[in-house]
Amino acid sequence: MAQIGIKELLEAGVHFGHQTRRWNPKMRRFIHGESGGIYVIDLLKTERLLREAQEFASAVAHRGGSVLFVGTKKQARDAVKDSAESAGMPYVNHRWLGGLLTNFQTINQRIKRLHDLERYEAEGQLALLPTRERMGALADLTKLRANLGGVKHMTRPPDAMVVIDLKVEEIAVREAQRLRIPIIGLVDTNCDPDGIEFVIPGNDDAIRSCALITRAIGEVVGEGSSVFRAREEQQRKDAEEQARAAAAERARREAEEQSAREAAATAEREAAEAARARPRRPRPRRPRPRRRPRTPTRSRCTPRVAATARPPRPRSPRQCRPAGAQRQTRAWRRAPTPRSRPRRRTTSRARHRIRRRPPRTRRPIRRRLPPSPARPPNPRLRRNRPRHRPSRAVARRPPRLPSPSPPRRRPSRRPSRRPSRRPSTRSSATARYRPVSDISAKDVKALRDQTGAGMMDCKRALQETGGDIDAAVELLRVQLGNKIGKLAGRDATEGTVQSYIHANGKVGVLVEVDCNTDFVARNDEFVAFARDVAMHVAGSPTTRYVSEEEIPAEARDAELRVFEGQAADKPENVRAKVAEGKLRKWMEETVLLKQPHVNGDRFDGKTIEELRADLSAKTGENVVIRRFTRFAVGE
């Protein structure tokens with residue numbers, strides 16, 4: 001740290017204050033005495049307070065912060081510039097622009113304009129402009145360099161600020177206090193020290209005094225910044241070395257795994273070849289397992305097995321006669337036949353109803369095994385009882401032969417297991433729906449030129465049809481009806497030109513929005529959309545092109561080269577991605593259709609392209625933003 005002693009302060013004239021009649025009573029504690037109508041500042045306090053300010057500035061620089069040097073009076077301009085440039089910090093030595101800290105977003109736009117003009121000058125593009133435009137651009141470049149040349153590399157508000165003469169830099173002090181930025185101030189006897197965190201009492205009107213104080217703070221800030229950059233560089237190298245070692249270790253491990261897999265595959269191949277070379281032995285045939293004897297199943301004609309052994313039931317003469325025998329007489333049929341199980345007496349109508357009943361479908365009957373001889377059946381169980389108890393008094397009649405007519409089938413009540421062959425009711429477009437994420441803008445434009453439908457409708461139709469343009473045309477015809485095809489092949493030759501002028505009268509915009517018919521061009525919504533676009537262009541000074549297709553290839557390549565140069569300090573594997581990301585962000589800032597409207601609360605954050613697509617879908621015509629022109633005072 002640079003040590004400033006009493007001798008250096010005396011030689012620089014830091015102890016001289018203002019006249020006694022132009023003093024601020026709040027500086028009483030820093031005044032040593034009076035000499036010839038001029039107050040003399042106590043240099044012991046100045047030395048101690050300067051050392052404290054140096055320690056604070058060094059701590060800020062060591063942690064990577066930035067210190068803004070401010071001094072716009074003639075005695076301090078050169079000293080502020082030299083000290084800030086040697087320390088690599090921003091500075092303001094010409095004029096403090098109001099809102100430089102509190103409205104930094106707007107100031108940042110002017111800083112971008114300064115970078116653009118400097119790039120045009122370096123590439124020789126300004127020399128290609130007409131004389132009047134070239135002179136205006138050079139004048140703008142000179143003014144921006146004077147006002148913002150020292151802060152063109154400042155991307156955020158500073159962490160601390162050094163101010164020379166608090167009365168001259170009153171606006172800068174107020175902005176810093178509003179943002180709660182610590183201030184290191186060279187305070188004379190006529191200034192108010194309230195609100196200044198690090199007060200350095202001293203002469204702020206002498207060139208040598210201002211140069212000594214700014215150099216003392218600038219040296220410690222430069223040392224701290226160099227230490228921070230060296231530490232960052234060492235950390236970056238260590239990270240790269242660790243990443244390189246990790247990559248080498250990963251490659252070695254993958255190589256070992258690959259060699260192990262190859263060795264295993266080779267061993268398996270050799271084993272397979274050896275097995276193939278050995279003679280194959282005949283496999284012994286396995287003995288076929290013996291089948292279990294099938295248990296006889298009972299059919300409808302098989303009598304049930306009772307719990308106790310019963311003699312077989314004698315068959316009636318009608319059942320025993322041949323098929324071609326004649327019918328017996330009524331007297332024979334009335335003759336009783338001994339049966340073990342009599343048939344229930346029924347009436348003629350009941351017999352007729354039973355005879356007319358169609359036969360049921362045959363169901364599988366559960367197999368019942370005969371009771372085990374080791375364990376006699378339990379007669380109390382219902383399953384071991386006979387179904388009908390035999391009766392001796394009732395004699396059954398012989399059964400009648402079935403009718404020669406074919407039996408009628410009763411429809412089954414169980415649901416069929418066969419799948420239904422009813423054709424599907426889904427539409428063909430829904431049946432072949434297949435979401436496609438890589439629908440190109442060229443296909444959407446081709447479908448839009450062919451049908452005249454909205455861009456979002458065309459994209460949605462291509463996604464539903466899997467990229468098939470013919471199927472998408474058919475789907476749009478089904479969805480939109482007669483609207484499809486009416487506007488196909490027609491150019492947007494009608495439209496309107498709307499203007500917007502800012503309230504201060506310094507910004508104006510002209511926008512041309514075209515459509516297909518004059519009827520839509522006179523529509524209130526169409527005119528309101530054109531005015532909203534003009535208002536957005538007025539509020540976005542970086543907008544230059546309507547769409548990406550209008551960006552010249554030379555300008556895009558030039559921006560890409562600049563971004564690649566800015567990413568040169570990044571690791572090699574991420575440089576291309578960083579440059580592409582910056583190029584994409586630059587295109588979003590310069591292309592009109594990609595930008596969200598400046599009045600985001602009113603339009604729910606929608607982009608200009610989304611608003612244009614909504615209007616095109618509502619009107620059924622091709623809405624095109626043809627061109628725009630922005631006028632600003634001083635640009």
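A few points on the structure. Remember, predicted model here, so these are calculated numbers, not experimental data.

Topic: the overall build of the protein chain
Okay, step 1: Within the protein chain, the regular secondary structure consists of 20 helices and 11 strands.
Okay, step 2: Evaluated residue by residue, the protein chain yields a buried proportion of 33% over its 635 residues.
Okay, step 3: A fraction of 65% describes how many contacts in the protein chain between residues 6 or more apart in sequence connect residues 24 or more apart.
Okay, step 4: Carbon and sulfur atoms provide 50% of the accessible area of the protein chain, an area that totals close to 44200 Å².

Considering unusual backbone geometry
Okay, step 1: Phi is positive for Asp 165, which is not a glycine, with a value near 70°.
Okay, step 2: Residue placement: Asp 165 occurs in the loop between β6 (160-164) and α6 (170-178).
Okay, step 3: Judged by its relative accessible area of 7%, Asp 165 falls in the buried class.

Digging into the pattern of salt bridges
Okay, step 1: This model, assessed by the stated rule, comprises 31 salt bridges.
Okay, step 2: For Arg 602, the salt bridge is made with Asp 532, and the minimal N-O distance between the two is 3.4 Å. Residue Arg 602 is found in helix α19 (residues 600-603), and its partner Asp 532 is found in helix α16 (residues 524-539); the two are separated by 70 residues along the sequence.
Okay, step 3: A relative accessible area of 13% places Asp 532 in the buried class.

Concerning the sheet that holds strand β11 (residues 624-632)
Okay, step 1: Strands sit in the order β9-β10-β11 across an open sheet of three strands; the sheet is antiparallel. What marks the edges here is a single partner per strand, and that holds for β9 (494-501) and β11. Averaged over all pairs of adjacent strands, the angle between strand axes in this sheet comes to 10°, irrespective of strand direction.
Okay, step 2: In this sheet, strand β10 (residues 507-515) lies alongside β9 in antiparallel orientation, the contact comprising eight bridges. The partner of Gly 495 across the bridge, within β10, is Asp 514.

Some words on helix α3 (residues 77-87)
Okay, step 1: Within α3, burial applies to Ala 79, Val 80, Ser 83, Ala 84 and Ala 87. In an axial view of α3, the angular spread of the buried residues amounts to 115°, which keeps them on one side of the axis. Exposed residues lying more than 90 degrees from the buried face of α3 are Asp 78 and Ser 86.
Okay, step 2: Against the buried residues of α3 lie β4 (67-70), β5 (91-92), β6 and α7 (207-277).
Okay, step 3: Phi turns positive one or two residues past the end of α3, at Gly 88, with a value near 75°.

Considerations on the environment of Leu 560
Okay, step 1: Following the sequence through the fold, Leu 560 ends up in helix α17 (residues 553-566).
Okay, step 2: Spatially, the C-alpha atom of Leu 560 lies 6.5 Å from that of Ala 579, the residues being 19 residues apart in sequence.
Okay, step 3: If we ignore the near neighbours within four places in the chain, the residues touching Leu 560 are Ala 579 and Leu 583.

Some words on the nonpolar core
In a soluble, globular protein the nonpolar side chains are often hidden away together inside.
Okay, step 1: Counting residues in hydrophobic clusters, the biggest one holds 35 residues, and the most contacted among them are Leu 68, Trp 96, Leu 148 and Met 161.
Okay, step 2: Of all the elements in the fold, those that place two or more residues in this core are β4, α4 (104-123), α5 (131-148), β6, α6 and β7 (183-187).
Okay, step 3: The contact partners of Met 161, leaving out residues within four places of it in the chain, are Leu 68, Val 70, Trp 96, Leu 101, Ala 172, Ala 176, Ile 181, Pro 182, Ile 183 and Ile 184.
Okay, step 4: The next biggest cluster of nonpolar side chains, apart from the first, holds 33 residues, and it includes Leu 43, Ala 57, Val 162 and Ile 184.

Observations concerning the pairing of β6
Where a strand is regular, its side chains alternate between the two sheet faces.
Okay, step 1: Within β6, five of the five residues are buried, which leaves it mostly tucked inside the rest of the structure.
Okay, step 2: Here β6 shows two buried faces, one formed by Ala 160, Val 162 and Ile 164 and the other by Met 161 and Val 163.
Okay, step 3: In this sheet, β6 lies alongside β4 in parallel orientation, the contact comprising four bridges. Bridge pairing in β6 places Val 67 opposite Ala 160.
Okay, step 4: With four bridges joining them, β6 and β7 adopt parallel strand pairing. The residue bridging Ile 164 from the neighbouring strand is Leu 186, located in β7.

What to know about the packing of aromatic side chains
Okay, step 1: The final tally for this structure, using the stated rule, is two aromatic pairs.
Okay, step 2: An angle of 45° between the planes, with centres 5.3 Å apart, marks the rings of Trp 23 and Tyr 39 as tilted. Here the residue Trp 23 occupies a position in the loop between β1 (16-19) and β2 (31-35), and Tyr 39 occupies one in strand β3 (residues 38-41), the gap between them amounting to 16 residues.
Okay, step 3: Among the residues examined, Tyr 39 registers a relative accessible area of 14% and is labelled buried.
Okay, step 4: Judged by centre distance (4.4 Å) and plane angle (25°), the rings of Phe 56 and Phe 198 are stacked. Of this pair, Phe 56 sits in helix α2 (residues 43-62) while Phe 198 sits in strand β8 (residues 198-201); the two residues are 142 residues apart in sequence, bridging distant segments of the chain.

What counts, and at which threshold
- Residues numbered from 1 in each chain as written.
- Predicted model: local features only at pLDDT ≥ 70, side-chain atom pairs only at ≥ 80, totals over all residues.
- Heavy atoms only, no water.
- Helix = DSSP H or I, 4+ residues; strand = E, 2+ residues; numbered from the N terminus.
- Buried < 20%, exposed > 50% of the residue type's maximum accessible area, 1.4 Å probe, protein only.
- Contact = heavy atoms within 4.5 Å.
- Areas by Shrake-Rupley, 256 points an atom, 1.4 Å probe, with all protein chains shown as cover.
- Salt bridge = Lys/Arg side-chain N within 4 Å of Asp/Glu carboxyl O.
- Pairing = 2+ DSSP bridges.
- Axes fitted to C-alpha atoms, helices over the stretch in contact; angles between N-to-C directions.
- Arc of directions from axis to C-beta.
- Core = buried A, V, L, I, M, F, W, Y, C linked by side-chain atoms within 4.5 Å.
- Phe/Tyr/Trp six-rings, centres within 6.5 Å; stacked < 30°, edge-to-face > 60°.

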